[in-house]
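This is what each chain is made of:
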Amino acid sequence: MKLLTVLFLSLTISFSVYSQPKIYVDVNQKGVRISPTHYGIFFEDINHAADGGLYAELIRNRSFEDAQTPECWSLITTQKTSAEMSIETKGLLNTSQAKCLKLQINKNTPDQEAGVSNTGYWGINVVKGRKYKLSFFAKSLNFNGAVFASLRSKGGKVYAKAKINSIDTNWKKYTCTFIANANDSAACFAITTPSTGTLWLDVVSLFPPTFNNRENGLRPELAQLLSDMNPTFMRFPGGCFVEGDTLKNRFEWKKTIGKIEERPGHKNLWGYRTTDGMGYHEFLQLCEDLHAEPLYVVNVGIAHKDHNDYTNNNDYLTDALDALEYANGDIKTKYGALRAANGHPKPFNIKYLEIGNENFKGDNYAQRYEQFYKEIKKRYPEMICIANVVAWGSDNPVWPHSAQADLLDEHYYRSPQWFINQYQKYDTYDRNGMKIYVGEYAVTKNCGLGNLDAAIGEAVYMQGMEKNSDIVRMNSYAPIFVNVHDRKWSPDLINFNASKVYCTPSYYVQKLFANNLGTVNVSVKDTSCTKTNILNGAIGIGTNLATAEFSDFSITGKNGKSLLIDTLHNNNAWFAKVGDWHTINGVCSQSTLGKNCLSTISMITDSVYAYRLKVRKTSGKDGVQIIFGYKDNRNYYRWNIGPNGNTIDRYYNGLKSTLILTSNKNDINKWCDIRIDVNTNQILFYMDNQLTHTLDISTPLLYTSATLDEKTNQLYIKVVNPTDNDISTDFCLKNYNMKGAKVSAQLTTLCSDKLTDENSLQTPQKVSPTITIIPNIDKEFSCKMKRNSVNVFKIAASSVK
Ligand code: AHR
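S.K.: Mind showing me how you'd approach the site of the ligand here?
M.R.: In the region of the ligand, 13 residues are neighbours, and Glu44, Cys240, Glu358, Tyr413 and Glu440 sit closest. Interatomic distance of 2.6 Å between a side-chain N/O atom of glutamate 44 and an oxygen atom of the ligand. Look at the ligand: alone it shows 280 Å² of surface, and the protein chains cover 98% of it. For the shell around the ligand, the residue count by class is eight nonpolar, two polar and three charged.

And the structure:
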């Protein structure tokens, strides 16, 4: 056989055939119930999501801890004044603070001012009439006089000013409020004085009004966008943020509670220091404000670049148990009392705990998980413990450990098409198997900074999750926030600077789906609208860690016509890509025990054909593979038969998805007849004339899902049209009792001219939903599904039969 290392180019033929689609929704045929925690959110301080984002603090580097120099602070002097500033590490406010600012004013006059100013997080947003609350710590030496706090333009124009009459020689807290008299989205904050002497400053904090008027609270318009998503839970505080680059900069909850001046802050692994002003208590408080269940992620002793000894992991376990006591414990317990002292006597009642983040790779994760699981369940038997199972690279994660897990956390960051292809992913999961939390997912490839194409891909995937809410109990997109000045990860749902905000199309899909969700799936059938995909490509044979023989090849087209008859029997026509292949007397054998050995033969251009052959495994611990639809080594289908399983797999751009997963083990060590019948929308697989698998390969033209809210009788129908054509669609509502009265439907549509369209700070609403009321619909109605669109119908049933 010829050994060909060059890939041959495939001739891809595909066409679409469809008649006007008709979508039947039968409200009497109830399916899977929707999990009460189906849609949630995942918050992590990445891209300045908390500090310089959701956390409303306006002063950057407020504790002077960020660098060896006073980063973001500048000296204010005039020709008649002289002053200097430096970082001081002695005589500090308390042991949580490692640095403070020393400001020495050497020369001044009563009509002048010297001092320092802060630029905030890429500008401070000053709004006319808005009240700002200032607090800071200071002490002085040889200083007699007042200091002034002000909001001002970069050029020095003052918008608000407050006077502090004197500064003590010992550390003392000073507070004041002021109201701005103008608008400026790139303003500064300043502390100045007309006096001379030395001042020390620390924890200089300035807040605008906050969400729900909380002290040390959140930027209202950003928090409101979270609330608008109607999340049923919130996973926090990360992500990699929990793990840290090294264990030294992991999230340590005990250092994030109490007075802000007692929080040391830490350098997070996303490249900046966080104040931890938005700490454990504030996260729990936010969950309560959002009416979302808290889902806390704990570190199990693993960071990105190091880990501890898992046999000596008590500190980490105790830390997790203490966190639970803080959130859930009685006020008579040590940490329950601390929670009460911090203003929340009522328990927060955490019910979900994730043990580690993306730690499935190793470092004895299984043992660590088990330690945590056992101890947590002992004290909190009802706690839902979530295990890390996936993500990067694998499409079909499995939990390889014997330890119990209440939910497995899968993460996916892929292309729009990958997500569309996963519409049926959860249909094949074992109904009695482990339940899933898709803790992080997003289109991150080929999608700009978050375009319509990404939103469409995610919408189809979300429909698949809704249909399988008995398996996928929870899901959350990631990440949520990005300050446009420090984009470490893209895309993110909510983009902002100091004064402006815009959401990606993906945000609108999240919001739309979570706000239009019933309590139970109802049957939705879309029989007419299938696109026919020809499974053209080469056919082939393969082995994995096994040797095998293959013979009696035949390909029969429509009407029993033999195809490729000459080629099949011409040894030189085979392309042995990997392995040691020989053909003697019509028997083709592969004789190494290597991985993924593969040989292919000519392209099939027919859409309907039967591929037959005989197969026998001769040695090895794995099995044989029958290849078809082979376009290149990154794109093909295979039937994998062996002692380790019997699966139908698809490789798409190098990523494997298992389309049919069975635990049947077939070690074929006797000659076995194999037949694969490829039809336009279905493939049938036979072993020794027994049908073993049926694979539906028709690609829906429209993607659909439907749910009913049994309390309100609202019916929700979701239709995604990922094609470039508007599609006129008929709808038929079966068993839907309108009691003679016609009702109106509300249709919300997200679409735009181009799939690449995105929103921006300048055009925040370019891709945003529009609402149409369709009056007087009957049980049968028609509607145009716009090209590249996500549509949600909300129909109020007067009663359901
Ligand atoms: O969402 C961004 C990051 O992606 C998360 O921190 C991490 O869990 C994942 O790798």
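S.K.: Before we go on, may I ask you to explain helix α1 (residues 220–228) in this structure?
M.R.: Within an α-helix, residues lying three or four positions from one another point in the same direction, as the helix has 3.6 residues per turn. Along α1, the positions that sit buried rather than exposed are Leu222, Ala223, Leu225 and Leu226. Buried positions in α1, seen along its axis, are confined to an arc of 150° and lie on one side of it. Considering only its buried residues, α1 is in contact with β2 (41–42), α3 (280–290), β23 (481–483), β24 (494–496), β25 (501–503) and α9 (505–515). Asparagine 230 sits one or two residues past α1 and shows a positive phi near 55°.

S.K.: Would you take a moment to explain the environment of tyrosine 461 for this structure?
M.R.: Considering the arrangement of structural elements, one finds tyrosine 461 in helix α8 (residues 452–467). The contact partners of tyrosine 461, leaving out residues within four places of it in the chain, are Tyr412, Phe419, Gln422, Lys425, Tyr426, Val438 and Tyr441.

S.K.: I tried to follow the sheet that holds β24 on my own but got confused; where do I start?
M.R.: Sheets are built from strands that pair by backbone hydrogen bonding, the pairs being arranged parallel or antiparallel. Strand order in this open sheet of three strands is β23-β24-β25, and the pairing throughout is mixed. Among the strands making up the open sheet, the edge pair consists of β23 and β25. Adjacent strand axes in the sheet meet at a mean angle of 20°, parallel and antiparallel pairs treated alike. Bridge count for β24 against β25 is three bridges, and the pairing is antiparallel. Directly across from phenylalanine 496, in β25, lies its bridge partner valine 501.

S.K.: What exactly am I supposed to notice about the packing of α3 against helix α4 (residues 314–328) here?
M.R.: The relative placement of two packed helices comes down to the angle between their axes together with the axis-to-axis distance. As a packed pair, α3 and α4 sit with axes 11 Å apart at the nearest point and diverge in direction by 50°. On the basis of the axis angle, α3 is oblique to α4. Crossing handedness for the pair α3 and α4: right-handed. Together, Tyr280, His281 and Leu284 of α3 and Ala323, Leu324, Tyr326 and Ala327 of α4 make up the contact between the two elements. Residue classes in the contact of α3 with α4 are distributed as six nonpolar, one polar and no charged.

S.K.: I would appreciate a short explanation of the side chain of lysine 99 in the present structure.
M.R.: Along the chain, lysine 99 falls in the loop between β4 (82–88) and β5 (100–107). In this structure lysine 99 is buried but unpaired, with glutamate 65 as the nearest side chain of opposite charge at 5.1 Å. One polar contact links the side chain of lysine 99 to the main-chain carbonyl oxygen of alanine 67, over a distance of 3.2 Å. Among residues more than four places away in sequence, those in contact with lysine 99 are Ser63, Phe64, Glu65, Ala67, Gln68, Ile87, Glu88, Thr89, Leu92 and Asp202.

S.K.: How should the pattern of salt bridges be read in this particular structure?
M.R.: Think of it this way: side chains of opposite charge can pair up when their charged atoms draw near. Within the structure shown, the criterion is met by 32 salt bridges. Between glutamate 221 and arginine 219 there is a salt bridge, with the nearest N and O atoms lying 2.8 Å from each other. The buried category is assigned to arginine 219, whose relative accessible area is 10%.

S.K.: Help me out: how do you make sense of the state of the cysteines in this one?
M.R.: Between two cysteines, a covalent bond joining their sulfur atoms is known as a disulfide. Under the criterion given, the structure shown has zero disulfides. Here cysteine 447 stays unpaired: no disulfide links it, and the sulfur of cysteine 503, its closest cysteine neighbor, is 16 Å away. Look at cysteine 447 and you get buried, because its relative accessible area is 3%.

Cut-offs and rules
- Residues numbered from 1 in each chain as written.
- Predicted model: local features only at pLDDT ≥ 70, side-chain atom pairs only at ≥ 80, totals over all residues.
- Heavy atoms only, no water.
- Near = heavy atom within 4 Å.
- Polar contact = N/O pair within 3.5 Å; in protein donor to acceptor, adjacent residues only side chain to side chain.
- Areas by Shrake-Rupley, 256 points an atom, 1.4 Å probe, with all protein chains shown as cover.
- Nonpolar A, V, L, I, M, F, W, Y, C, P; charged D, E, K, R; others polar.
- Buried < 20%, exposed > 50% of the residue type's maximum accessible area, 1.4 Å probe, protein only.
- Helix = DSSP H or I, 4+ residues; strand = E, 2+ residues; numbered from the N terminus.
- Arc of directions from axis to C-beta.
- Contact = heavy atoms within 4.5 Å.
- Pairing = 2+ DSSP bridges.
- Axes fitted to C-alpha atoms, helices over the stretch in contact; angles between N-to-C directions.
- Parallel < 35°, antiparallel > 145°, perpendicular 65-115°, else oblique.
- Left-handed = near helix turned anticlockwise from the far one by under 90°.
- Lys, Arg positive; Asp, Glu negative; His and termini not counted.
- Salt bridge = Lys/Arg side-chain N within 4 Å of Asp/Glu carboxyl O.
- Disulfide = S-S within 2.5 Å.

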